[in-house]
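Residues per chain, in single letters:
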Amino acid sequence: MSTENVDAVGPVRNDPTPGEQKTGVRARLSHAWRPFRRASRVSRVLIFSGLGIVVLFLLMAFVGPLLYEYGGTQYRVEVAPGEFEPIKALQPPSGEHPLGTTRDQFDVLARIIDGASLAFAVMALAVSIAMIAGVTLGLLSGYRGGPIDRALVTMMDAVYAFPALVLAIITAFALSAIMSPGVVPAAAAVGVVYIPQYFRVVRNHTLSVKQEPFVEAARSMGAKERTVLGRYVFFNVVQTVPVILTLNAADSILVLASLGFLGYGVPPPTAEWGYDISRAITDVPAGIWWTALWPGLAIVILVTALTLVGEGLNDVINPLLRSRGKTGPKIEPAPREDTPAEDHTAGAATGAAGSAPQAARPSVAVRGLRVGYRTPDGPLWAVDDVSFDIHPGESLGLVGESGCGKSSLGRALMRLMPPGGVVRGRVEVAGEDMVGLSESRLRRKRGEDLGLVFQEPMTRLNPLLKISDHFIEMIRTHQPDVSKAEALERARVALSQMGIPPTRVESYPHEFSGGMRQRAMIALSIALEPKVIVADEPTTSLDVIVESQILDLFGRLRSEQQIGLLLVTHNLGLVAETCDRVAVMYAGKIVEIGPVEEIFNDPKHPYTRGLLASTISLETTELHSIEGYPPNLTDPPPGCRFAPRCPYVMDHCTDAVPRLTETNPGQHTACYLYPGAGAPVPEGVRAPEGNPQETGV
Ligand SMILES: Nc1ncnc2c1ncn2[C@@H]1O[C@H](COP(=O)(O)OP(=O)(O)OP(=O)(O)O)[C@@H](O)[C@H]1O
């Protein structure tokens, strides 16, 4: 029996589809039934035939003793009050003893009936022991990590290395020293065998689930730690349990029978199928077939039935397996999105460093932001003293080479840092400093004031939750008074605003195309009408048509809802098309910031020039590149960090970090080639001019 598929197990989610609102018990039954209705025919046949057999055995175990005249340990019959006659040993099946009698003068059918009661009792107890211990330890180990994890993994590996039966026998021996033999020690001996299975599956799931982008995405939308642990870690992890449970239930019957066969199980004369087979071993050569056959058949049939239920359940509750048998998702007509004319001039006027002057107060004001990590080579400041503003409806592009700190900056705005990451400085969002906020207040700000859109939306949506669940959870986390029905309605509206048919709200993320997932992710991030969206490479994994749809969406959100946008990207073309202003980052610092038009037409910083020169456009005749590599941020060069790669480097470039100084209206550049950067420009030095794509850096 394998548990290999359980890693992919999904939820049994039972939410109503639109237009089907039932109430009370009927609704619950209908919802519980839904996953089975969606399951393939084969799965349903497997489950229900298996369940049918298990129910027959249960009836036999619990109703049988009331109806059948013999008991499993009864070796005589009362023929008259106080007068007994022994049951004859080794009687073949007959009207009186339908399955015959054993050499110990027991009725075989009565032994089968009592053996079934024992099997169910041991199975239930053993599986519960294993599940509770394995799941608890697995969650603890995976979530906590560190020495606890190492100790538990070593212990479980040692236990797992033992052959199951040997382990069960050793446990039975050990338990016999502290308690008298019976159902409980037998169940404990069987249960111990399965603890490592639950432990390994749950621990590995916990480890991977807690790092899943969708867990981070949930945090970015303000989910509480308890919700993250419960709904995203525990909920994802426990989906694996029912399948292991049914498969282990089947296996436990075999282990119990083996223990009984070897004489280590429940002590005789208790009816136990394995023990009965061992007693019948010498009967078979003597032509006495019935004493071994019936308990053997009972074991085979019950184990097979439980396995069928387990395999069928796996198919039903795993959404990925479930969709395997279908003809595929319905093909939706391409969504029509009206593109309003974008106002790229908004916020593109003159202003102080990092800020476009606007009448309104900025939605985000970043001042002296530093973002650091602990690394084996020492502290690394990925963002170092960065300041800028984003005004309502304004879009700021953040560009730079890989590793210059763009994503770190984006995350720091939400204070969504990996372990070991620190944020210093001020990030004022709607008048409150994110850096100093308490965790609970921070959770409210995330989602409500700041939305986050990631690249690869598939990994950011919980694969076990429907799109509707994502909306309901996020909306109700921030607005507990909103009913589920209202949240669902808002989800439908938000989806249709993004060009996704509202009927698709009940789909799982894997039933969406990449573009639909990204639009759903955007719909989610704007559901609470945040002031600013941080979009980190939002179109990287999408084709150009979907990319253009997404950009149109951002444009609409900005012009219609005045949502600000921080677009983190490598793609200068995307910035030219989408943004009002652009900030160029190099080695953790903003080296140039200003209106897109100014910077793209007249870049001042040699690094900006280098970046633009290495961009391919229709006019490109010769591709330039910036020589060398960005510095190691654990040990950045002194002064201007670009100096080691700069073709215009001067002596004093390495003395101190140049200040951002206005070089064009609204455009600020941190370079000693321009007066105001902190040192006089040496005589005879001329700053570069002209189109860098033609002239190079
Ligand atoms: N969790 C972390 N621990 C240690 N260092 C990190 C961590 N995350 C990022 N860094 C380091 O911080 C620096 C900036 O990384 P970041 O991902 O912010 O850059 P980026 O410009 O977004 O790069 P890319 O465009 O490739 O995503 C890099 O030197 C990177 O190695």
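Residues numbered from 1 in each chain as written. Predicted model: local features only at pLDDT ≥ 70, side-chain atom pairs only at ≥ 80, totals over all residues. Heavy atoms only, no water.

As annotated in an unreviewed UniProt entry, the protein carries the name Peptide/nickel transport system permease protein and is attributed to Prauserella shujinwangii.

Brief notes about the overall build of the protein
This is how the line gets drawn: Secondary structure elements follow DSSP: runs of H or I no shorter than four residues count as helices, runs of E no shorter than two count as strands, and numbering proceeds from the N terminus. Each residue's exposure class comes from its accessible area (1.4 Å probe, protein chains only) as a fraction of the maximum for that residue type: buried when under 20%, exposed when over 50%, partly exposed otherwise. Only the protein chains shown count as cover for residues, with accessible areas throughout obtained via the Shrake-Rupley method and a probe of 1.4 Å.
What the protein contains, in helices and strands, is 24 helices and 14 strands. Buried positions account for 52% of the 697 residues belonging to the protein. In the structure as shown, the protein presents an accessible area of about 30500 Å², 58% of it carried by carbon and sulfur atoms.

Things to note about the sheet that holds strand E4 (residues 378-390)
To be explicit about the condition: Strand pairing is assigned whenever DSSP detects at least two bridges linking the two strands.
On the basis of which strands lie adjacent, the open sheet formed by four strands has the order E4-E3-E6-E7 and antiparallel pairing. Edge positions in the open sheet fall to E4 and strand E7 (432-433), since each of these has one partner strand only. Here strand E3 (residues 364-375) runs beside E4; their pairing, made up of ten bridges, is antiparallel. What sits directly across from valine 371, in E4, is valine 383.

What to know about the UniProt feature "transmembrane region" (unreviewed entry) in the protein
Note the cut-off: UniProt positions are given in the numbering used here, feature names are shortened, and annotations may be inferred rather than shown by experiment.
Under the local residue numbering, the UniProt record ascribes the feature "transmembrane region" (unreviewed entry) to residues 45-68, 118-140, 152-176, 182-201, 233-266 and 286-309. For residues 118-140, the end-to-end C-alpha separation is 33 Å, with 100% helix and 0% strand making up the annotated structure.

Observations regarding the packing of helix H4 (residues 108-144) against helix H10 (residues 241-262)
Quick reminder of the rule: The axes used here are C-alpha line fits, helices contributing only the stretch in contact, and every angle between their N-to-C directions lies in the interval 0 to 180 degrees. Relative orientations are named as follows: roughly parallel for angles under 35 degrees, roughly antiparallel for angles over 145 degrees, roughly perpendicular for angles from 65 to 115 degrees, and oblique for any other angle. By definition, any crossing whose near helix is turned counterclockwise from its far helix by less than a right angle is left-handed, and any crossing with a clockwise turn is right-handed. Pairs of residues are marked as contacts when any of their non-hydrogen atoms sit within 4.5 Å. Each residue is assigned to one of three groups, with Ala, Val, Leu, Ile, Met, Phe, Trp, Tyr, Cys and Pro labelled nonpolar, Asp, Glu, Lys and Arg labelled charged, and all others, Gly among them, labelled polar.
Interhelical geometry of H4 versus H10 gives an angle of 130° and a closest axis separation of 9 Å. Between H4 and H10, the interaxial angle falls into the category oblique. Once H4 is placed against H10, the crossing between them reads as right-handed. Contacts from Leu118, Ala119, Val122, Met123, Val127, Met131 and Val135 of H4 reach H10 at Val241, Leu245, Asn248, Ala249, Ser252, Ile253 and Leu256. When grouped by side-chain class, the residues that make up the contact of H4 with H10 number twelve nonpolar, two polar and no charged.

Some details on the packing of aromatic side chains
Put simply, the rule reads: Think of it this way: a Phe, Tyr or Trp ring, Trp meaning its six-membered ring, pairs with another when their centres are within 6.5 Å, and the plane angle makes it stacked under 30 degrees, edge-to-face over 60, tilted otherwise. Definition used: whenever NZ (Lys) or CZ (Arg) falls within 6 Å of the ring centre and also within 35 degrees of the ring normal, the charge is taken to sit over that ring.
The tally for this structure, following the rule as stated, stands at nine aromatic pairs. Pairing phenylalanine 57 with tryptophan 273 gives two aromatic rings, centres 6.2 Å apart and planes at 70°, and the pair type is edge-to-face. A residue pair is termed long-range when its members are at least 10 positions apart, and phenylalanine 57 in helix H2 (residues 41-62) and tryptophan 273 in helix H11 (residues 273-279) qualify at 216 residues. Since its relative accessible area comes to 9%, phenylalanine 57 is described here as buried. With a relative accessible area of 3%, tryptophan 273 lands in the buried category. Feature note: the residues Trp289, Trp290 and Trp294 constitute an aromatic cluster, connected by ring pairs. Over the face of the ring belonging to tryptophan 381 we find arginine 370, whose NZ or CZ atom lies 3.9 Å from the ring centre.

A short note on the sheet that holds strand E9 (residues 532-536)
One open sheet accounts for eight strands, arranged E8-E9-E10-E5-E11-E12-E14-E13; its pairing is mixed. The open sheet terminates on both sides in strands that have one partner only, identified here as strand E8 (450-453) and strand E13 (661-664). Between one strand axis and the next, the sheet turns by 25° as a mean value, whatever way the strands run. Alignment of E13 against strand E14 (residues 667-669), held across three bridges, turns out to be antiparallel. Residue asparagine 664 lies in a different strand from E14, and its bridge partner there is glutamine 667. Sitting on the sheet, helix H19 (residues 514-526) touches E8 and E9, and the angle it makes with E8 is about 170°.

Side note on the nonpolar core
Put simply, the rule reads: Note on terminology: a nonpolar core comprises buried Ala, Val, Leu, Ile, Met, Phe, Trp, Tyr and Cys residues joined through side-chain atoms within 4.5 Å.
In this structure, Leu369, Phe388, Leu409, Phe471, Ile533, Phe554 and Leu566 are the most contacted members of the largest nonpolar core, which totals 105 residues. Ranked by the residues each element gives to this core, the list is headed by H19, at seven residues. Residues contacting phenylalanine 554, with those up to four places away along its chain left out, are Ile522, Ile533, Ala535, Pro538 and Leu565. Residues Ala130, Ala186, Val190 and Leu256 belong to the second largest nonpolar core, which totals 59 residues.

Considerations on the site of the ligand
Going by this rule: Here a residue is near a molecule or strand as soon as one of its heavy atoms is found within 4 Å of it. Each polar contact in these results corresponds to two N or O atoms within 3.5 Å; when the atoms are within protein, one needs to be able to donate a hydrogen and the other to accept it, and residues that are neighboring in sequence are counted only if both atoms are side-chain atoms.
Taken together, 14 residues lie near the ligand, and Ser402, Gly403, Lys406, Ser407 and Ser408 sit nearest. At a separation of 3.1 Å, an oxygen atom of the ligand approaches a polar backbone atom of cysteine 404. In the environment of the ligand, an oxygen atom lies 2.9 Å from a nitrogen or oxygen atom belonging to the side chain of lysine 406. Considered on its own, the ligand offers 630 Å² of accessible surface; in the complex 65% of this is hidden by protein. Mapped onto the shell around the ligand, the elements with two or more residues apiece are E3, E4 and helix H14 (406-414). When residues in the shell around the ligand are grouped by element, the largest group, three residues, is from H14. In the shell around the ligand, the residues fall into five nonpolar, seven polar and two charged.

Observations regarding the environment of lysine 604
Its location among the elements puts lysine 604 in the loop between helix H22 (596-601) and helix H23 (606-613). Its relative accessible area of 12% is what places lysine 604 among the buried residues. Not counting chain neighbours up to four residues away, the residues in contact with lysine 604 comprise Glu592, Arg609, Thr663, Asn664, Gln667, Thr669, Tyr674 and Pro688. A distance of 3.1 Å separates polar atoms of two side chains, one belonging to lysine 604 and the other to aspartate 602.

Description of the pairing of strand E2 (residues 83-86)
The side chains of a regular strand alternate, residue by residue, between the two faces of the sheet. Both strand E1 (residues 76-80) and E2 contribute to a ladder of four bridges, which runs antiparallel. Bridging from a neighbouring strand, glutamate 78 pairs with phenylalanine 84 of E2. Two successive antiparallel strands, E1 and E2, enclose a turn made up of two residues, where glycine 82 displays a positive phi of approximately 80°.

A word on the pattern of salt bridges
Rule in force here: The rule for a salt bridge is simple: a side-chain nitrogen of Lys or Arg has to be within 4 Å of a carboxyl oxygen of Asp or Glu.
With the rule as written, the count across this model stands at 23 salt bridges. Linked through salt bridges whose partners overlap, the residues forming this network are Glu432, Arg441, Lys445, Asp449 and Lys531.

Regarding the environment of proline 268
Within the secondary structure, proline 268 sits in the loop between H10 and H11. Look at proline 268 and you get partly exposed, because its relative accessible area is 48%. Considering only alpha carbons, one finds proline 268 and threonine 73, 195 residues apart in sequence, at a separation of 9.0 Å.

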